[in-house]
Amino acid sequence: MASLYFHYPFCKKACTYCNYHFSTSTSNHQTIIDALIKELELRKLEINKPINTIYFGGGTPSLMSVFQIRQVLNKVFQLFCVDSDAEITFEANPDDISKKYLCELQQLGINRLSLGIQSFNNKELKTIGRIHDGKTALDSLKLVTNQFENFSIDLIYGLVHSTIESWKVNLTKALDYSPKHLSLYILTIEENTLLHHQISHGKIKLPEEKVIFDQYNHGVDYLETNGYMHYEISSFSLPRWKSQHNTSYWNNKPYWGFGPAAHSFDGKKTRSWNIENNHLYLKSIHQGKLPKKEEVLTEIDRYNEYLMISLRTSQGIDLNRITTQWGKHYQTSLLHKASRYIKQKLMNQSQCRLKLTKHGKILADRIVSDLFLESKPVERV
């Protein structure tokens, strides 16, 4: 099985926290669609596996017209073998939603919608530069609920001006619409973003760390109490409604990304990525050349990546797999490094698996980076 990802690199406006590749230009939209279709043609021989998930991300895919989406999907179905029950996800912003648009998306075969709400609080939305307000978010949810059985809501905690009370309200409003899936993201401060500039110059201030921890803990408890599985650090779903596309990433399945800045992985050890420049991407595709670079992951790269990905999931690290794939000396090194976190109750070990605890998950990036290896561990004879 394999997955396809399409990166649509346009937005109406730049959110203050976003460091994804996008442009607010109002031109070249159809040119990018034409290039996506051409890239599919150029890479058709790379993909010889059935496609079981397709994902439209960005950017803001909901700026695409129904005609443009149909063009891309028609080419996919023309070139590749797509499972009859393939999960086809489409990211959308609340301000782009209409009953007609949602109906037409469904008619195209899109069966999962990911709605980027982030917050229902107008003050919080304004600080991160979102176009929609709380009312628009609620109105869009009413439309989505009537049209799609399978939809996900994105929310962000740790926002400027947010409190534990405002976060509780956000979660309650979201669950009023019984989404099958929610993604709860901690606000990340990325360099070269407006938000980073505002914070570093003292123009705005983030909530205290304790508030952010409390928001995270309440989110986990509240969703689990309401029947949602916490199957990945940021991901919660009702039983049987996990994101199949994202799960394929975490299980190291092959995926192919199309469009500027899109990444691909062959499922073994080769990664590639397209250039993060719309103009150069278009120029290369027009010349019949693939605008991508690639790297072959080393043994250490693959080990570190396995740690990073698996620790994000509820399954955790399979210690038997570490021994089988890399050797007993890798497992010994890992358990030695992990022992301090087990003592601190940030990790636990049971049934040949190493997992982050609830508190450990919010510190995942810090813990994983400490577990990484820079060179092969010494193999004891």
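For the structure itself, consult the block above.
These figures come from a predicted structure and were not determined experimentally. (Residues numbered from 1 in each chain as written. Predicted model: local features only at pLDDT ≥ 70, side-chain atom pairs only at ≥ 80, totals over all residues. Heavy atoms only, no water.)

J.: Can you walk me through the overall build of the chain in this structure?
T.: Each helix and strand counted, the chain has 15 helices and 15 strands in total. The C-alpha radius of gyration of the chain comes to 21 Å, within 12% of the 21 Å expected for a compact globule of 381 residues. The dimensions of the chain, computed from C-alpha atoms along their principal axes, are 60 × 50 × 45 Å. The burial tally for the chain puts 51% of its 381 residues in the buried class. Long-range contacts, defined here as pairs at least 24 residues apart, represent 69% of the contacts in the chain between residues at least 6 apart. Here the chain carries 47 positive and 38 negative side-chain charges, and the mean point of each set is 1 Å from the other. (Helix = DSSP H or I, 4+ residues; strand = E, 2+ residues; numbered from the N terminus. Rg over C-alpha atoms; globule rule 2.2 N^0.38 Å. Buried < 20%, exposed > 50% of the residue type's maximum accessible area, 1.4 Å probe, protein only. Contact = heavy atoms within 4.5 Å. Lys, Arg positive; Asp, Glu negative; His and termini not counted. Charge placed at Lys NZ, Arg CZ, Asp CG, Glu CD.)

J.: Before we go on, may I ask you to explain the pattern of salt bridges in this structure?
T.: Opposite charge on two side chains allows them to pair when their charged atoms are near. A complete count under the given rule lists 16 salt bridges for this structure. Within the structure, one salt-bridge network assembled from shared partners comprises Glu39, Arg43, Glu46 and Lys292. (Salt bridge = Lys/Arg side-chain N within 4 Å of Asp/Glu carboxyl O.)

J.: I'm lost on unusual backbone geometry in this one. Help?
T.: Peptide bonds are mostly trans, and most non-glycine residues show a negative phi. The omega torsion across Gly58 and Gly59 is 20°, close enough to zero to call that bond cis. Tracing the backbone through its elements, the reader meets Gly59 in the loop between strand 2 (51-58) and helix 2 (66-79). Non-glycine residue Gln118 carries a positive phi angle of around 70°. Within the secondary structure layout, Gln118 lies in strand 4 (residues 112-118). Its identity as a non-glycine residue notwithstanding, Arg240 has a phi of 75°, on the positive side. Examined against the element boundaries, Arg240 turns out to sit in the loop between strand 8 (235-237) and helix 9 (244-250).

J.: Would you explain the layout of surface pockets in this entry?
T.: Taking a probe equal in size to a water molecule and rolling it over the atoms shows the remaining empty space. The calculated volume of the second largest pocket comes to roughly 290 Å³. Lining the second largest pocket are 16 residues, with Trp250, Asn251, Thr313, Gln315 and Gly316 sitting closest to its centre. Breaking the lining of the second largest pocket down by element, the ones donating at least two residues are helix 9 and helix 11 (299-312). No other element matches helix 11, which puts 3 residues into the lining of the second largest pocket. (1 Å grid on protein atoms, 1.4 Å probe; cavity = no way out; pocket = protein on both sides within 12 Å on 5 of 7 lines; lining within 4 Å. Points joined across faces, edges and corners; volume = space filled by probe spheres on them.)

J.: Looking at this structure, I do not really get the state of the cysteines. What am I missing?
T.: Working definition: the covalent bond between the sulfur atoms of two cysteines is a disulfide. In the structure shown here, the tally under the stated rule is 0 disulfides. In this structure Cys15 is not part of a disulfide, and its nearest cysteine sulfur, from Cys18, lies 6.2 Å away. (Disulfide = S-S within 2.5 Å.)

J.: Please explain the packing of helix 1 (residues 29-42) against helix 10 (residues 278-286) as it appears in this structure.
T.: A pair of packed helices can be characterised by two numbers: the angle between their axes and the separation between those axes. Orientation of helix 1 relative to helix 10, taken along the N-to-C sense of each, is 50°, at an axis distance of 10 Å. One element, helix 1, and the other, helix 10, form an angle in the oblique class. Crossing hand, helix 1 versus helix 10: left-handed. Taken together, the residues of helix 10 that come into contact with helix 1 (itself represented by Thr31, Ile32, Ala35, Leu36, Lys38, Glu39 and Leu42) are Asn278, Tyr281, Leu282 and Ile285. Among the residues forming the contact of helix 1 with helix 10, the class breakdown is 7 nonpolar, 2 polar and 2 charged. (Axes fitted to C-alpha atoms, helices over the stretch in contact; angles between N-to-C directions. Parallel < 35°, antiparallel > 145°, perpendicular 65-115°, else oblique. Left-handed = near helix turned anticlockwise from the far one by under 90°. Nonpolar A, V, L, I, M, F, W, Y, C, P; charged D, E, K, R; others polar.)

J.: Would you take a moment to explain the sheet that holds strand 13 (residues 317-318) for this structure?
T.: Backbone-to-backbone hydrogen bonds join strands into a sheet, with any given pair of strands oriented parallel or antiparallel. Read across the sheet, 3 strands follow the order 13-15-14 without closing on themselves; strand pairing throughout is antiparallel. This sheet does not close on itself; its edge strands, each paired only once, are strand 13 and strand 14 (347-350). Of the pairings in the sheet, the one linking strand 14 to strand 15 (residues 353-356) comprises 4 bridges and is antiparallel in character. When the sheet's bridge partners are listed, Ser350 is paired in strand 15 with Arg353. Each of strand 13, strand 14 and strand 15 touches helix 13 (residues 328-343); the most contacted strand, strand 14, lies at about 125° to it. (Pairing = 2+ DSSP bridges.)

J.: Whenever I open this one, the side chain of Ser162 confuses me. Can you help?
T.: Of note, Ser162 is situated in the loop between strand 5 (151-157) and helix 6 (164-175). A polar contact of 2.7 Å, which involves the side chain of Ser162, links it to the backbone oxygen of Leu159. A polar contact of 3.2 Å, which involves the side chain of Ser162, links it to the side chain of Gln215. Those residues in contact with Ser162 that lie beyond four places of it in its chain are Glu124, Pro207, Val211 and Gln215. (Polar contact = N/O pair within 3.5 Å; in protein donor to acceptor, adjacent residues only side chain to side chain.)

J.: Please explain the pairing of strand 1 (residues 2-8) as it appears in this structure.
T.: Put simply, side chains in a regular strand alternate between the two faces of the sheet. Summarising burial for strand 1: 7 of the 7 residues are buried, a large majority. When strand 1 meets strand 2, the two strands line up parallel, connected through 7 bridges. Counterpart to Tyr8 in the pairing with strand 2 is Gly58. The handedness of the strand 1 to strand 2 crossover, carried by helix 1, is right-handed. One ladder, built from 4 bridges, connects strand 1 with strand 9 (residues 255-258); its direction is parallel. Across the sheet, Phe6 pairs through a bridge with Phe258, a residue of strand 9. (Right-handed = clockwise from strand over helix to strand, strands pointing away.)

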